[in-house]
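One letter stands for each residue in the lines below.
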Amino acid sequence: MRKILVTSALPYANGPIHIGHLVEYIQTDIWVRAQRLRGNRCIYICADDTHGTAIMIRANKEGITPEELIANVREQHQASFRGMDIEFDHYGSTNDAESRETCAEIWAALRREGLVHEKKISQLFDTKEGTFLADRFVKGTCPKCGAEDQYGDSCDKCGATYTPADLKNPVSTLSGTTPELRDAEHLMVEIERLRPFLTEWTQNGGHLQEEIANYLANFFLKDELRDWDISRPAPYFGFEIPDSPGNYWYVWFDAPIGYVGSTRVWCAKNGENWEKWWKDPETEIHHFIGKDITYFHTLFWPAMLKVAGFNLPEKIHIHGMLTTNGEKMSKSKGTFIKADTYLRHLDPAYLRYYFASKLTGSVDDVDLNFTDIRDKVNADLVGKLVNLASRTAKFIREQGTSASYPEDGGLFAAGAAQADEIAQAYEECDFAKVTRLVMALGDRANKFVEEHAPWVLRKDPERAQELQDVCSVALNLYRQMVIYLAPILPKLAKQSAELLNENAADWTFESVKTPLAGTKVNEFTHLMTRMDEKAIEAMIEETKIENQPAEGQNAEETGSQWDDSAQPLEDEPLDALCTIDDFCKVDLRVARIIMAEEVPEARKLLHLTLSLGGGVTKNVFAGIKSAYKPEDLLGRLVVCVANLQPRQMKFGLSEAMICAAGPGGKDIFVLSPDSGALPGQRIH
RNA sequence: CGCGGGGUGGGGCAGCCGGUCAGCCCGCGAGGCUCAUAACCUCGAGGUCGCAGGUUCGAAUCCUGCCCCCGCAACCA
């Protein structure tokens, strides 16, 4: 019997659980249940990730303490997980005392190894909010290409990377004020010294999927690893570093340690020794994470564990991200669905089964398609699986299953023979394979029923034994399928066990090998209903409404006929006020596009010539290739910034800029004046 | 040239350590059955496996180049 400790990544205590999160928790929950069905000892540990600037600021805004905030959120998270039939052995918090103690232990080990040194870091400080600003909380003008409104670490226009201090005109996104540069001593961990170990661990031993190992080898491990800035100066919501007063561990230091802390809380409650789980090589540690946090879990985390003498993970299972209908989840499209919203409309079994049917153990992204999920659930779960019981159980409600298991042409034995293959598929997280194999069993079972026509047999009292035999076979085949799918569909397993007068908790992978004979069959009640399109639509609608901020709702209440989404303002908040003089510096002019052509080598640019009338022209490279064809622009009047500093671009000199709205991609909308405006006229 | 993944009948996918690998589910067409939650069974139409080269007796499967799509690079897993 293996002893296995499993974790999912800790959700950040700054927002609700949504369907994107659920890919991971459902995947993990299925894997854990499958391990137990195989007879292994397996505990599932998780917790809320509670530290960091974002939590501190949100609590501030809500007028509560961070502790109150994270307690509330933790309740919500746990309710969402329960609703989705995701069962943790313990769901802790990175703010627990046990977590702090473990941080201290690992920290002491890093110190002991001499891996920590101090370094002066200059960081932008928001004087209004009284806090240092993480890169993402600063926006400004790219120092390299002059693109405006770029985040503090890199420019998405020209791809340059820099530090926030390099930004021109930096603005704090928290307060809108101009931050000032301040120095602080940070604690750095020299992870480079562990590179040989990490290279060995990531490349050998099968701890990581191959593509992940390659990614790490090519991207991080081939060069010197940069020191890891592990501390943040006060004020910060987190744990103060014992030997460095005024400094706090960075949230990514204590987040994975939360796995240990949460285990310790569970152990204390259950009379277990936590070190047996984390320091005894007999225990296998399995982490499930999304590919976005690969870096932290495959480099820093093993390094920390290694130095502190903890068990290293046996395997880190990394999954892809969720897209909906082939696109990123979107609040405005109603696909940013919260777990709670889902549960108000739909059965968790649908999503569990659907994700299972899509998960192969690779890092490929998983797409949730609403047509697909309905077809799949209705066809597989209702049409094939549940229908099998539905069409036979009531025929033997009175007499139960046949006293000895009847001849079935080898169907049951064939199903039982797949136990190892299915168990192995679970082990490898290839749940898609599990569902394929089980549904193939369902096809054979339904065919069997068809061929033996119980509805004919029951009309002939002489053939009562045959009828009982056929239905006994069908129910046993059904039972086999349900046991195989029990990790994915725990509730259905429980209900089905009741139908068959069994206890689902007693089922193991061995149970599929012995058929029921001479047992009672209880009354059949509907085990699962079809997935209703209207429920899906209602869920999407509710999601859209939820994501409209208060302003939008007020507009509705006051009877406004234009309930425009608040999304654009959220995406790009209003800027600081400017004076009329500031505005006048920008010379906006009406212009006519008199030449428009593709720039074949450019991904985003079109080459335009603008006429301002009287023979004055401007050469422009505009980043609108993704939304416009040259021929559609020719002759159009547009608004341009006529006095923009010319800029040398890869394909030529750009002397002006045309005005357009929209987030980019296909959604770019070029501004036009009303008819009558003449090229060259100024915009006031 | 930032990194990673993918392009297989209308949709979603499996196969991809070279030789029953052209397969599964949905959808579609025809028929059957009527026990079942319009469910189940049978038959059928539909793909030169992104494109172009190469290796080989033989490639969806290996190699090279190209094209296209997606994700990550955000304290949203």
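Position numbers for residues count from 1 along each chain, tracking the sequence in the order it is written. Chain A is the first chain written and ligand 1 is the first ligand written, with later ones labelled in order. Two thresholds apply to this predicted model, a pLDDT of at least 70 for residue-level local features and 80 or more for giving and counting side-chain atom pairs, whereas whole-chain, interface and lining totals are computed over all residues. Excluding hydrogens and water, the side-chain figures rest on all heavy atoms present in the structure.

## Considering the pattern of salt bridges
1) Next: Throughout this description, the term salt bridge denotes a Lys or Arg side-chain nitrogen within 4 Å of a carboxyl oxygen of Asp or Glu. Applying the stated criterion across every chain yields a total of 31 salt bridges.
2) Next: The residue Glu87 makes a salt bridge to Arg33 at a minimum N-O spacing of 3.8 Å. Remark: Arg33 occurs in helix H1 (residues 19–37) and Glu87 occurs in the loop between helix H3 (66–83) and strand S3 (90–93); sequence separation between them is 54 residues.
3) Next: Judged by its relative accessible area of 48%, Glu87 falls in the partly exposed class.
4) Next: For Arg33, a relative accessible area of 17% translates into the label buried.
5) Next: The salt bridge involving Glu192 is made with Arg195; its shortest N-O contact spans 2.9 Å.
6) Next: Because the salt bridges share partners, they merge into one network encompassing Arg2, Arg38, Glu284 and Glu427. Here a helix means four or more residues in a row that DSSP labels H or I, a strand means two or more in a row labelled E, and each is numbered from the N terminus. A simple rule labels every residue: compare its accessible area, found with a 1.4 Å probe on the protein chains alone, to the largest value its type can have, and call it buried under 20%, exposed over 50%, or partly exposed in between.

## So, the domain arrangement of chain A
1) Next: As annotated, the domain borders come from an automatic or database domain assignment. Per the domain assignment, the segments making up chain A are domain 1 (3–103 + 249–319), domain 2 (116–247), domain 3 (347–513) and domain 4 (580–670).
2) Next: Taking only C-alpha atoms, the centre of domain 1 and the centre of domain 4 are 50 Å apart.

## A closer look at the packing of aromatic side chains
1) Next: Think of it this way: a Phe, Tyr or Trp ring, Trp meaning its six-membered ring, pairs with another when their centres are within 6.5 Å, and the plane angle makes it stacked under 30 degrees, edge-to-face over 60, tilted otherwise. Within the structure shown, the criterion is met by 24 aromatic pairs.
2) Next: Judged by centre distance (6.5 Å) and plane angle (80°), the rings of Tyr25 and Phe88 are edge-to-face. Taken together, the residues span a long stretch of sequence, with Tyr25 in helix H1 and Phe88 in the loop between H3 and S3 at a distance of 63 residues.
3) Next: Taking relative accessible area as the criterion, Tyr25 reaches 2% and is therefore assigned buried.
4) Next: Ring geometry for Phe88 against Tyr91: centres 5.1 Å apart, planes inclined by 45°, an arrangement best described as tilted.
5) Next: Phe88 gets classed as buried once you look at its relative accessible area, which sits at 19%.
6) Next: Judged by relative accessible area, which is 4%, Tyr91 ranks as buried.
7) Next: Among the aromatic residues, those joined into a cluster by ring pairs are Tyr25, Tyr44, Phe81, Phe88 and Tyr91.
8) Next: The ring of Tyr250 is capped by Arg232, whose NZ or CZ atom sits 3.9 Å from the centre of that ring. Put simply, a charge is over a ring when the Lys NZ or the Arg CZ is close to the ring centre, within 6 Å, and near the line of the ring normal, within 35 degrees.

## A word on the protein's contact with RNA strand B
1) Next: Near RNA strand B there are 53 residues, and of these Tyr12, Glu24, Asp364, Asn387 and Met528 occur at the shortest range.
2) Next: Within 4 Å of the protein, the atoms of RNA strand B are drawn from sugar and phosphate moieties in a proportion of 73%.
3) Next: Backbone polar atom of Gly290 to a sugar or linking oxygen of RNA strand B: 3.2 Å apart, as the coordinates give it.
4) Next: Mapped onto the surface near RNA strand B, the elements with two or more residues apiece are H1, helix H6 (210–221), strand S15 (322–324), helix H12 (370–390) and helix H15 (431–452). For this description, a residue counts as near a given molecule or strand if any of its non-hydrogen atoms is within 4 Å of it. Whenever two N or O atoms come within 3.5 Å, that pair is a polar contact, provided that in protein one can donate a hydrogen and the other can accept it, and provided that, for residues adjacent in sequence, both atoms are side-chain atoms.

## Brief notes about the packing of helix H4 (residues 97–112) against helix H7 (residues 251–270)
1) Next: As a rule, the C-alpha atoms of each element are fitted with a line to give its axis, helices using only the stretch in contact, and angles between N-to-C directions run from 0 to 180 degrees. Interaxial distance between H4 and H7 falls to 8 Å at its minimum, and their mutual angle equals 125°. Here H4 lies oblique to H7, going by the angle between them. Here H4 and H7 pass one another in a crossing that is right-handed. Together, Glu98, Ser99, Glu101, Thr102, Cys103, Glu105, Ile106, Trp107 and Leu110 of H4 and Phe253, Asp254, Ile257, Gly258, Val260, Gly261, Arg264 and Val265 of H7 make up the contact between the two elements.
2) Next: Here the residues of the contact of H4 with H7 are counted per class, giving eight nonpolar, four polar and five charged. Working rule for angles: under 35 degrees goes down as roughly parallel, over 145 as roughly antiparallel, 65 to 115 as roughly perpendicular, anything else as oblique. By definition, turning the near helix anticlockwise from the far helix through less than a right angle yields a left-handed crossing, and turning it clockwise yields a right-handed one. Contact between two residues is taken to exist if any of their heavy atoms lie within 4.5 Å; hydrogens are not considered. Residues are grouped as follows: nonpolar covers Ala, Val, Leu, Ile, Met, Phe, Trp, Tyr, Cys and Pro; charged covers Asp, Glu, Lys and Arg; every other residue, Gly included, is treated as polar.

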